[in-house]
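# Structure assessment
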Amino acid sequence: MAAITSPHAHEGDAHLHAHDDDHHELGFWQKYIFSTDHKVIGIQYGLTGLAFLFFGFCLMLVMRWQLANPGQAVPMIGGALQSIFGTAAFAASETGAPGMLTADGYNAFGAMHGTIMVFFGIVPIAFAAFGNFVVPLQIGAPDMTFPKINMASYWCFFISCIFMLISFFVPGGAAKSGWTSYPPLAGIADSAFLTFWNGQTLWLTGMVFNITASLLGSVNFIATIIQLRAPGMTWMRLPFFVWAQFVTAFLLLLAFPPLEAAGIFQLMDRVAGTSFFMPTGLVVNGNVAPWAGGGSPLLWQHLFWFLAHPEVYVLILPGIGMVAEVIANNTRKPIYGYKAMVGAIFVLAFLSFVVWAHHMYMTGMGAAVAAFFQTTTIMISIPSVILLTALMITLWGGSIRFTVPMLFAAAFLPMFGIGGLTGIPLAFNATDLYLHDTYYVIAHFHYVVAPGTIFAIFAGIYYWYPKATGRQLNELLGQIHFFASLIFINVLFMPMFLQGMAGMHRRWYDGGAQYEQLSKAVVLGHTGLEWNTVISTAAYLLCLAQVPFIFNFFWSMKFGKKIGRNPWDSTTVEWDAPSPPGHGNFDKPISVHRGPYEYSVPGADADFTPQTDPPANSKAPDQDANTNSQSVEKQH
């Protein structure tokens, strides 16, 4: 597909947004594999991201078995795992059975679990998949501004996935230096295999391609939202999800280049003998290492966390955008404080760039620097509270429909709240010095991204699945999926707060069995070690809880209930397109006349008024965004 040019939103020609019937039929490879259609690329990102999300989850299940049963082989599949991943990762157990996860294997699985879940699972789904599929539809555009760059973005991502998978099968196994890849450990990792084909080097190569994919995608998102809005789609008429994706794209564009540069520098340290991060005089196994350039390991930490804290909001903001769409639709009322929420995400984005060193209190920073990062970390909670409060107030007085998307969206609010509140102690260096690298940090972060962002992703999948496929997911299977996931995910992560406060370290491959204090610390009737069994059991049950979703997802593609264009009675523009949308997205000219959430308008014939519906008096000026929203909020 050729690159699309467009006039500005207010000068757009209606025919640009009409369905183009005069196009040649594309072959299979060009239509579904090397596609430039934003919808196909969104689905490619989504399916790849879901596959890696499940793979990363499986890595965690193997780690949880080791934590709950140190010294024992993984049952049933232990021998197969040993034959696949080799004796570096799996060895004979204490009973002689093959398939016990070794310390090196635990480190590799831990590093790859974190990397895959964040960079290869959640970000591709929340930002790239939903952004690609939904954003052009919501702004009334026929495609992305640069379709070929969009295709290049996905294939850079796919190449990065290949590198990560290959790294499990090279000599020495996958990367073992944590998902943060801290030098000097990452610089000397797999020193017996210091060639290109070792896990740590492949990890860096994969990350460079992954970052490139995100940068290409973010440029495309920004250009599309600025240039290809339908006539009448002013900035304050954008759905909140579009705002969230717009700000997220800027976060990626500004924060990822430092990490990409750092990744290339560390790659050079490993394969070209440079010393960007490797210090002079480093002693490895009793011998002085050859690096003599005076590199700084702390420089890597600064470059990594300058990306990795904005990355937290790269995960969260698309999720909040999805939740806002679902809550507005299922409460049948406008989002409370729409403009305040838009302002809050801009403040959140700005502050996310000045809090990175709260991850680095252990490096011995001075009191003045620590005070600055403590202050900005507490400040960043203010826009987060505004977003959460506005969404909770939206529920007040609403005629709530408890559909499956709404169940996940409603559960997101307290789960994300727990994640945010438990992060406050980590903002202060006095408490962080004690809690750093313990299971408390694991629990805090996972509440933000697991029952937080992943629940938002599920809400988005159930909500937009009918638009992508023309069929609806089964409601009963969706409810089973939701309630089982909600129960087991809390049993999985809540006890980790207790373990962390008891001192359990996140990198102990035996679950703390050799730590005497942990075996004596009794919390709610269980020692720190006994909680490992409870947590691991919850993890296995959480895995089983995903079976209804996986079956529902694929079964409904062919046998799900067929639906029309707007099964949810929604107001935003994407529901004016056919389900699924065809080439060019829309089969009629698109123009926007009002804000995105005109629900329960007093005097209207229905309880929803789509953005594309012209005013009752065609000569009357279009309604400003949120004019009706304010009146409805007063009414409620």
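Residues numbered from 1 in each chain as written. Predicted model: local features only at pLDDT ≥ 70, side-chain atom pairs only at ≥ 80, totals over all residues. Heavy atoms only, no water.

## Considering the overall build of the protein chain
- Summing up its helical and strand segments, the protein chain has 20 helices and eight strands in all.
- At 25 Å, the protein chain has a C-alpha radius of gyration in line with the 26 Å of a compact globule built from 636 residues.
- By its C-alpha atoms, the protein chain is 85 × 55 × 55 Å across when sized along the principal axes.
- By the burial criterion, 58% of the 636 residues in the protein chain qualify as buried.
- Averaging the locations of the 25 positively and 32 negatively charged side chains of the protein chain gives two centres separated by 5 Å. (Helix = DSSP H or I, 4+ residues; strand = E, 2+ residues; numbered from the N terminus. Rg over C-alpha atoms; globule rule 2.2 N^0.38 Å. Buried < 20%, exposed > 50% of the residue type's maximum accessible area, 1.4 Å probe, protein only. Lys, Arg positive; Asp, Glu negative; His and termini not counted. Charge placed at Lys NZ, Arg CZ, Asp CG, Glu CD.)

## Observations regarding the packing of aromatic side chains
- Tallying each qualifying case throughout the model produces 63 aromatic pairs.
- Ring geometry for Phe 109 versus Phe 168: centroids 6.3 Å apart, planes at 85 degrees, classification edge-to-face. With Phe 109 in helix α4 (residues 103-138) and Phe 168 in the loop between α5 (147-166) and α6 (185-188), the pair connects residues that are 59 residues apart, well separated along the chain. Just as Phe 109 is buried, Phe 168 falls in that class too.
- Seen from the ring of Trp 235, Arg 229 lies directly overhead, with NZ or CZ sitting 4.2 Å from the centre. (Phe/Tyr/Trp six-rings, centres within 6.5 Å; stacked < 30°, edge-to-face > 60°. Lys NZ or Arg CZ within 6 Å of the ring centre and 35° of its normal.)

## A short note on the environment of Thr 95
- Turning to its location among the elements, Thr 95 is positioned in the loop between β1 (90-92) and β2 (98-101).
- Overall, the relative accessible area of 72% leaves Thr 95 in the exposed class.
- On a C-alpha basis, the gap between Thr 95 and Gln 72 in space is 7.4 Å, while along the polypeptide they are 23 residues apart.
- A distance of 2.9 Å separates a polar atom in the side chain of Thr 95 from a polar atom in the side chain of Ser 93. (Polar contact = N/O pair within 3.5 Å; in protein donor to acceptor, adjacent residues only side chain to side chain.)

## A short note on the state of the cysteines
- The full count for this structure, using the stated rule, is zero disulfides.
- The structure places no disulfide on Cys 58, whose sulfur is separated from the nearest cysteine sulfur, that of Cys 543, by 5.7 Å.
- Of the cysteine sulfurs around Cys 156, a residue in no disulfide, the closest is that of Cys 161, at 11 Å.
- The exposure class assigned to Cys 156 is buried, which follows from its relative accessible area of 16%. (Disulfide = S-S within 2.5 Å.)

## Re a nonpolar patch on the surface
- On the surface, Ile 43, Leu 47, Phe 54, Ile 550, Phe 554 and Met 557 cluster together into a nonpolar patch covering about 520 Å² of accessible area.
- Those elements that provide at least two residues to the nonpolar patch are α2 (38-68) and α19 (547-559).
- Relative to the helices and strands, Leu 47 is located in helix α2.
- With a relative accessible area of 38%, Leu 47 lands in the partly exposed category. (Patch = residues over 30% accessible without salt bridge, like charges linked within 9 Å, V, L, I, M, F, W, Y side chains within 5 Å. Areas by Shrake-Rupley, 256 points an atom, 1.4 Å probe, with all protein chains shown as cover. Salt bridge = Lys/Arg side-chain N within 4 Å of Asp/Glu carboxyl O.)

## Let's talk about the side chain of Thr 331
- Note that Thr 331 resides in helix α9 (residues 297-331).
- A polar side-chain atom of Thr 331 sits 3.5 Å from the main-chain carbonyl oxygen of Ala 328.
- When near neighbours in sequence (up to four residues on either side) are disregarded, Thr 331 contacts Thr 394, Leu 395, Gly 398, Ser 399, Ile 400 and Met 406. (Contact = heavy atoms within 4.5 Å.)

## A closer look at the nonpolar core
- Residues Phe 90, Met 112, Phe 120, Phe 130, Phe 240 and Leu 492 are the most contacted members of the largest nonpolar core, which totals 178 residues.
- Ranked by residue count, the leading element in this core is α4, at 21 residues.
- Contact partners of Phe 130, with chain neighbours within four places excluded, come to Ile 125, Val 135, Phe 241, Gln 245, Met 322, Ile 457, Gly 460, Ile 461 and Trp 464. (Core = buried A, V, L, I, M, F, W, Y, C linked by side-chain atoms within 4.5 Å.)

## Considering the confidence of the model for the protein chain
- When pLDDT is averaged along the protein chain, the result is 89; 90% of the residues meet or exceed 70.
- Taken together, the stretch residues 1-22 has pLDDT below 50 and engages in 51 contacts with residues farther than four places along the chain or on a different chain.
- Here residues 625-636 is modelled with pLDDT under 50, and outside its nearest four sequence neighbours on either side it reaches 27 contacts, counting other chains as well. (pLDDT = per-residue confidence, 0-100.)

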